[in-house]
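Residues per chain, in single letters:
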Amino acid sequence: MVQGERMAVKKNQQNLFLFEWAVLTYAAFTLVLMAVYWRELVNPMSMLSGRAGVVAMTLVLWQAYRRWPSKLTMVLRVIGQLCFLGWWYPDTYEFNRLFLNLDHVFAGWEQAVFGCQPALLFSQIFSSPVVSEMLSMGYVSYFPMIGAVAFYYFWRRYDRLDYAVFVILASFFLFYVIFIFLPVAGPQFYYEAVGMDEIAQGHFPNLGHYFFNHQEMVCIPGLEDGLFHDLVQRAHDAGERPTAAFPSSHVGISIVLCWLAWEKRKGEQRAWGLFVPVAILTLLMFFATFYIQAHYAIDAFAGLLTGTVMYFLFRGLYSLLASNKHRG
C-alpha cells in the first residue's frame, strides 16, 4: 500500500494534493452552511472573503509548484494551509453562536463524573509556579509540535509529506465540524458568565444564546509573570472565542501527532527523537487544558479518544484515496 501511495504522489504531483482537497472540501461544506444560515450570520461577507482567500492561495501555490516543482514550492503549499488554521478556528464561532449554548450540560456531566469542577480546583491545588509554567509550556507547544512533525516528514519522509499533512488537516476539520454543531464555550467563558461562586456551589444555569454577543473570559490561572503563562494569555486575548471546548482539539491533534511520530516503515527505527518530546508535551497539554480553564476535564479525556479515532480514520482514508488515484 505504501508503494502505491508513493506512485500516486509521483503520478499526481502536478495535481492538487490530498491535503489541499481536504481544505477545499471543508471550505465547500461550510459554504453550504453559510447559504443555509446567511440571514442569521453576523459577518457573512467577511467569512465569504476569507474562504475566497483560502481558495485563491491554494490555487496560486499550486500553480507556482507546477511551474517550479521543488521542495521549496511544496513546503510553501504546506505552510500556507497550516497557517490558515488560525483563521478557520474562530470561524466556527460564527456558526455555533447561532445555536443554544450547552455548557450547562457539560459542566453538569463534569460534576457528576468527578464530584467537582477540576477546571476550577486544579490550578488552586497545584499553584506552584513551576507547575504553572510547565503546563503553560505544554499548551503553547501546540503549533510548534505541528510544525515539528510536518518538518520531520518533509525532511526524512518526503514522499509521505502529503499523507502526514492530510491526516493533520483532515483531523482539524472534523473537529471544526463538531464544534460548529456542538456549541460548548468552555470554563473560561462559562465560569465568567455564571460567576465563580455559583460554579463552586454546583449551580450550572442554561445561558441560551448568551454567547451570541458575549466573549468575556476569566483571566488564565497560574504564574502571572511567567513567560509561558504570558504567552498563553496573549494567544487567548488575540484569538480565543467561546467555541470549540468539546472535545479538546488541542489534546486530540496532539494525539494525532504522537501517532504520526510513532510511525515507521519496515526496516526503519522509530523516530524516538521526535516521538518522546511530542509525547511529553502532549501529556503536559492534557493537564494544561483544564488547568488554564480552557476546557472541562471531560473535554481532555474525549480528546484522547477522538484523536486516536481520527488518526486511524484518516490514515485509512488516505490509503484508499491514494490507491484510487494510482488506479486512475
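It should be emphasised that the depicted structure is a prediction, and the values quoted were computed from it without experimental measurement. (Residues numbered from 1 in each chain as written. Predicted model: local features only at pLDDT ≥ 70, side-chain atom pairs only at ≥ 80, totals over all residues. Heavy atoms only, no water.)

**Let's talk about the overall build of the chain**
Definition in use: In this text, helices come from DSSP runs of H or I with a minimum length of four residues, and strands from runs of E with a minimum of two, each type numbered from the N-terminal end. The reference for a compact globule is 2.2 Å times residues^0.38; the radius of gyration itself is calculated from the C-alpha atoms. Note on classification: 1.4 Å probe, protein chains only; a residue is buried when its accessible area is under 20% of the maximum for its type, exposed when over 50%, partly exposed between these limits.
Broken down by element type, the chain carries 16 helices and 0 strands. Its C-alpha radius of gyration of 21 Å places the chain within 12% of the 20 Å reference for a compact globule of 328 residues. Expressed along its principal axes, the backbone C-alpha trace of the chain runs to roughly 60 × 50 × 35 Å. Counting all 328 residues of the chain, 52% fall into the buried class.

**Here's the deal with helix H13 (residues 227–239)**
Defined as follows: Expected helix span is given by 1.5 Å per residue-to-residue step, counting one fewer step than there are residues. The directions considered for the arc are those from the helix axis to the C-beta atoms.
For H13, spanning 13 residues, the distance from its first C-alpha to its last is 19 Å, which sits close to the expected 18 Å at 1.5 Å a residue. Among all positions of H13, only His229, Val232, Gln233 and His236 are buried. Seen along its axis, H13 keeps its buried residues to an arc of 95°; they face one direction. For H13, the exposed residues lying more than 90 degrees away from the buried face are Leu227, Arg234 and Ala238.

**Quick look at the nonpolar core**
In globular proteins that are soluble, nonpolar side chains generally tend to be buried together. The criterion, for reference: Residues belong to a common nonpolar core when they are buried Ala, Val, Leu, Ile, Met, Phe, Trp, Tyr or Cys residues joined through side-chain atoms within 4.5 Å. We call two residues contacting when some pair of their heavy atoms lies within 4.5 Å.
Membership of the largest hydrophobic core comes to 92 residues, with the highest contact counts inside it found for Phe166, Tyr176 and Leu260. Ignoring anything within four residues of it in the chain, the contact list for Tyr176 reads Tyr26, Leu85, Trp88, Tyr89 and Thr92.

**With respect to the packing of helix H2 (residues 18–37) against helix H3 (residues 44–67)**
What describes two packed helices is the angle between their axes and the distance between those same axes. Formally: Angular values range over 0 to 180 degrees, each being the angle between N-to-C directions of two axes fitted as lines to C-alpha atoms, with helices fitted over their stretch in contact. Geometric relationships in this document are graded by angle, where less than 35 degrees denotes roughly parallel, more than 145 denotes roughly antiparallel, 65 to 115 denotes roughly perpendicular, and other angles denote oblique. Crossing handedness is read from the near helix: turned anticlockwise from the far helix by less than a right angle, it gives a left-handed crossing, and turned clockwise, a right-handed one.
Interaxial distance between H2 and H3 falls to 11 Å at its minimum, and their mutual angle equals 160°. Here H3 runs roughly antiparallel to H2, going by the angle between their axes. Relative to H3, H2 is oriented so that their crossing is left-handed. Between H2 and H3, the contacting residues are Glu20, Val23, Leu24, Ala27, Thr30, Leu31 and Met34 on the first element and Pro44, Met47, Leu48, Arg51, Val54, Val55 and Thr58 on the second.

**Re the packing of aromatic side chains**
Note the following rule: Only Phe, Tyr and Trp rings are paired, with Trp represented by its six-membered ring, and only when their centres lie within 6.5 Å; those with planes under 30 degrees apart are stacked, over 60 edge-to-face, the remainder tilted.
The full count for this structure, using the stated rule, is 43 aromatic pairs. Relative to Phe173, the ring of Tyr26 has its centre 4.6 Å away and its plane inclined at 15°; by these criteria the two rings are stacked. One end of the pair, Tyr26, is in helix H2; the other, Phe173, is in helix H10 (residues 161–181), and 147 residues separate them in sequence. A relative accessible area of 3% places Tyr26 in the buried class. On the numbers, 6.2 Å between centres and 85° between planes, the contact of Phe166 with Phe314 is edge-to-face. Here the residue Phe166 occupies a position in helix H10, and Phe314 occupies one in helix H16 (residues 297–327), the gap between them amounting to 148 residues. Side by side, Phe166 and Phe314 carry an identical accessibility label, which is buried.

**A look at helix H9 (residues 142–156)**
With 15 residues, H9 extends 21 Å from end C-alpha to end C-alpha; this agrees with the ideal 21 Å at 1.5 Å per step. At its buried positions, H9 is contacted by helix H4 (71–83), helix H8 (129–140), H10, helix H14 (249–262) and helix H15 (272–291).

**Regarding unusual backbone geometry**
Going from Phe246 to Pro247, the amide bond is cis rather than trans, its omega being -10°. For Ala244, which is not a glycine, the phi torsion comes out positive at approximately 65°. Note that Ala244 resides in the loop between H13 and H14. Overall, the relative accessible area of 6% leaves Ala244 in the buried class. Phi is positive for Gln293, which is not a glycine, with a value near 70°. A relative accessible area of 4% places Gln293 in the buried class.

**Some points on the packing of H10 against H14**
The geometry of H10 relative to H14 is characterised by a closest axis approach of 10 Å and an angle of 160° between their N-to-C directions. Between H10 and H14, the angle is such that the two are roughly antiparallel. Taken as a pair, H10 and H14 cross one another with a handedness that is right-handed. Contacts between H10 and H14 involve Tyr163, Ala164, Val167, Ile168, Ser171, Phe172, Phe175 and Phe179 from the former and Ser249, Gly252, Ile253, Val256, Leu257 and Leu260 from the latter.

**Focus: the environment of Leu257**
With respect to the element layout, Leu257 can be found in helix H14. Accessibility expressed as a relative area gives 0% for Leu257, which makes it buried. Through-space distance from the C-alpha of Leu257 to that of Leu305 is 14 Å; in sequence the pair is 48 residues apart. Residues contacting Leu257, with those up to four places away along its chain left out, are Met145, Ile146, Val149, Ile168 and Val278.

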